[in-house]
Amino acid sequence: MAQFQKKIQRLGVFSSGGDAPGMNAAIRSIVRTAISHQIEVTAIIGGYPGMLEKNFQPLNLRSMANIIQRGGTVLKTGRSMEFHKPEYRKIAAENLKSAQIDAVVCIGGDGSFRGAHALWLEHQIPITGVPGTIDNDIFGTDNTIGFDTAVNTALQAIDKIRDTAASHDRLFIVEVMGRNSGLIASHVGLAGGAEIIFTPDVPITVDQAIDKIKAGQARGKMSSILITAEGQKPGRAYDLAEQIRKKAGLEAKVCILGHQQRGGSPTAFDRVLASRLGSVAVELLLQGQCDIMVGSQGEQIITVPLETAISKGKSTPRDYLSLANILAN
Ligand code: ADP
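Comments concerning the site of the ligand
Then, number 1: Taken together, 16 residues lie around the ligand, and Arg-79, Ser-80, Gly-109, Gly-111 and Ser-112 are the ones closest in.
Then, number 2: Here an oxygen atom of the ligand sits 2.5 Å away from a polar atom, N or O, in the side chain of Arg-79.
Then, number 3: A distance of 3.0 Å is found between an oxygen atom of the ligand and a backbone nitrogen or oxygen belonging to Gly-111.
Then, number 4: The protein chains hide 85% of the 560 Å² of surface that the ligand would expose on its own.
Then, number 5: Per-element tally for the shell around the ligand: the top contributor is helix H4 (residues 110-123), with five residues.

A look at the pairing of strand E2 (residues 10-15)
Then, number 1: Across the six residues of E2, six count as buried, placing the element largely inside the fold.
Then, number 2: On E2, burial covers both faces: Arg-10, Gly-12 and Phe-14 on one face and Leu-11, Val-13 and Ser-15 on the other are all buried.
Then, number 3: For E2 and strand E3 (residues 40-44), the ladder comprises four bridges, and the chain directions are parallel. If you follow Arg-10 over to E3, its bridge partner there is Glu-40.
Then, number 4: What joins E2 to E3 is helix H1 (residues 23-36), and the crossover it makes is right-handed.
Then, number 5: Note that E2 and strand E5 (residues 103-108) share five bridges and pair parallel. For Gly-12, the partnering residue across the bridge sits in E5 and is Val-104.

Some details on unusual backbone geometry
Then, number 1: Of note, Asn-66 is a non-glycine position whose phi angle comes to about 65°, a positive value.
Then, number 2: Structurally, Asn-66 is set in the loop between strand E4 (56-59) and helix H3 (86-98).
Then, number 3: Judged by relative accessible area, which is 58%, Asn-66 ranks as exposed.
Then, number 4: For Gln-100, which is not glycine, the phi dihedral falls at a positive 55°.
Then, number 5: By secondary structure assignment, the location of Gln-100 is in the loop between H3 and E5.
Then, number 6: Residue classification places Gln-100 among the exposed residues on the basis of a relative accessible area of 53%.

Some details on the pairing of strand E7 (residues 171-176)
Working note: regular strand, side chains alternate between the two faces of the sheet.
Then, number 1: With six of six residues buried, E7 is to be regarded as a mostly interior element.
Then, number 2: Here E7 shows two buried faces, one formed by Leu-171, Ile-173 and Glu-175 and the other by Phe-172, Val-174 and Val-176.
Then, number 3: Pairing of E7 with strand E9 (residues 224-229) involves six bridges; the strand directions are parallel. Bridge pairing in E9 places Phe-172 opposite Ile-225.
Then, number 4: One ladder, built from five bridges, connects E7 with strand E10 (residues 252-256); its direction is parallel. Within E10, the residue paired with Glu-175 across the bridge is Ile-256.

Comments concerning the sheet that holds E7
Then, number 1: In spatial order, the strands read E8-E9-E7-E10; together these four strands make up an open sheet with parallel pairing. Strand pairing shows two members of the sheet lacking a second neighbour, strand E8 (196-198) and E10, which therefore form its edges. Across this sheet, the average inter-strand angle for adjacent strands is 20°, counted without regard to direction.
Then, number 2: Sitting on the sheet, helix H8 (residues 236-248) touches E7, E8, E9 and E10, and the angle it makes with E7 is about 155°.

With respect to the packing of aromatic side chains
Then, number 1: Under the criterion given, the structure shown has two aromatic pairs.
Then, number 2: Ring geometry for Tyr-48 against Phe-83: centres 3.8 Å apart, planes inclined by 20°, an arrangement best described as stacked. Here the residue Tyr-48 occupies a position in helix H2 (residues 48-52), and Phe-83 occupies one in the loop between E4 and H3, the gap between them amounting to 35 residues. Just as Tyr-48 is buried, Phe-83 falls in that class too.

Describing the pattern of salt bridges
Then, number 1: Scanning the entire structure with this criterion turns up eleven salt bridges.
Then, number 2: The shortest N-O distance in the salt bridge between Asp-135 and Arg-179 comes to 3.0 Å. Of the two residues, Asp-135 sits in the loop between strand E6 (127-131) and helix H5 (147-168) while Arg-179 sits in the loop between E7 and helix H6 (183-192), which places them 44 residues apart along the sequence.
Then, number 3: Here Asp-135 falls in the buried class, since its relative accessible area comes to 3%.
Then, number 4: Overlapping salt bridges, with partners in common, bring together Asp-135, Asp-137 and Arg-179 in one network.

Observations regarding the side chain of Asn-143
Then, number 1: Examined against the element boundaries, Asn-143 turns out to sit in the loop between E6 and H5.
Then, number 2: Here Asn-143 is in contact with Pro-131, Asn-136, Phe-269, Leu-273, Ser-296 and Lys-314, once residues within four sequence places are set aside.

Points about the domain arrangement of the protein chain
Then, number 1: As assigned here, the protein chain comprises domain 1 (2-146 + 266-309) and domain 2 (149-263).
Then, number 2: Computed over C-alpha atoms, the centres of domain 1 and domain 2 are 35 Å apart.
Then, number 3: With 13 residues of domain 1 at the interface, the matching set in domain 2 holds twelve residues.
Then, number 4: For the pair domain 1 and domain 2, the summed buried area comes to about 1000 Å², and 47% of that belongs to carbon and sulfur atoms.
Then, number 5: At the surface where domain 1 touches domain 2, the tally comes to two salt bridges.
Then, number 6: Within the side of domain 1 that touches domain 2, the residues separate by chemical class into four nonpolar, four polar and five charged.

What counts, and where the lines are drawn
Residues numbered from 1 in each chain as written. Predicted model: local features only at pLDDT ≥ 70, side-chain atom pairs only at ≥ 80, totals over all residues. Heavy atoms only, no water. Near = heavy atom within 4 Å. Polar contact = N/O pair within 3.5 Å; in protein donor to acceptor, adjacent residues only side chain to side chain. Areas by Shrake-Rupley, 256 points an atom, 1.4 Å probe, with all protein chains shown as cover. Helix = DSSP H or I, 4+ residues; strand = E, 2+ residues; numbered from the N terminus. Buried < 20%, exposed > 50% of the residue type's maximum accessible area, 1.4 Å probe, protein only. Pairing = 2+ DSSP bridges. Right-handed = clockwise from strand over helix to strand, strands pointing away. Axes fitted to C-alpha atoms, helices over the stretch in contact; angles between N-to-C directions. Contact = heavy atoms within 4.5 Å. Phe/Tyr/Trp six-rings, centres within 6.5 Å; stacked < 30°, edge-to-face > 60°. Salt bridge = Lys/Arg side-chain N within 4 Å of Asp/Glu carboxyl O. Domains from an automatic or database assignment. Buried area = accessible area lost by both parts, 1.4 Å probe. Nonpolar A, V, L, I, M, F, W, Y, C, P; charged D, E, K, R; others polar.

Written out as structure tokens, the structure is:
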């Protein structure tokens, strides 16, 4: 955490990186909290590319009407390779200063927070971070905005797949999002009654999966659902299906859930989390605190220095995997 002295008259807000359901609830909370303190708010449209292109728009109370229930982000989001270079971050900082933006709230994932941390270190732009990513892979917070909605979206799809899997005695491999994180896969797997959950950080071999499926078949369990996290590259489920076919002669249907997990109306959990985190992100700046992420631990709202939040990821909870393994018997 860092401290600064400046009085804030205008606040900037932007969403960045992968979009997540609940970002709009966070934006609404940030804007309305700031306005309740007589602070003007400027939107930085489209993340860091918008900061570099001076894509700025004033916001008011009414700009936030009717968005709490909507997925995606009304401020758009984006990625910028240029922002990795200090010379471009200098341009971004100059753009913020020339628009008289005194402090900024960034809603995004760990990549976005790396950019935010650099803006503070290099140009003393006071900035707080609100964790918004479906992956829930940010260190220091129990939950990120969008994770709960994404898990529930995937779960609804898996429940439907289970109906058809059971009717046809089929083996399904369902691929969920999460990049290098096994958080979505482990939650969806446990909640969806999956036989096996493949995650990037816990080694489970195809042979182990085959043994589990065959043991189930021997007990009369004729349909199975395997969950895999996408890993580095979507399509991992096809590789697994091919290996299972070659090694055991078992045919597996593949279903890649893909981008539908990013969209949709946020759950109540995500709306409440977003509303609380967004408000505290503004209050911290008003108290002169920055270079910090707001997060949650249980029911508590906590703060974590951005440097700590970006220092490591989160590993898959192994107890979820072992419990899913026992319960799928
Ligand atoms: P997320 O915030 O969801 O993790 P990304 O990893 O794509 O998404 O990061 C979003 C953007 O943040 C990137 O396109 C880039 O502009 C900026 N960014 C990411 N990493 C860094 C970094 N190390 N330094 C500066 N900016 C970064």
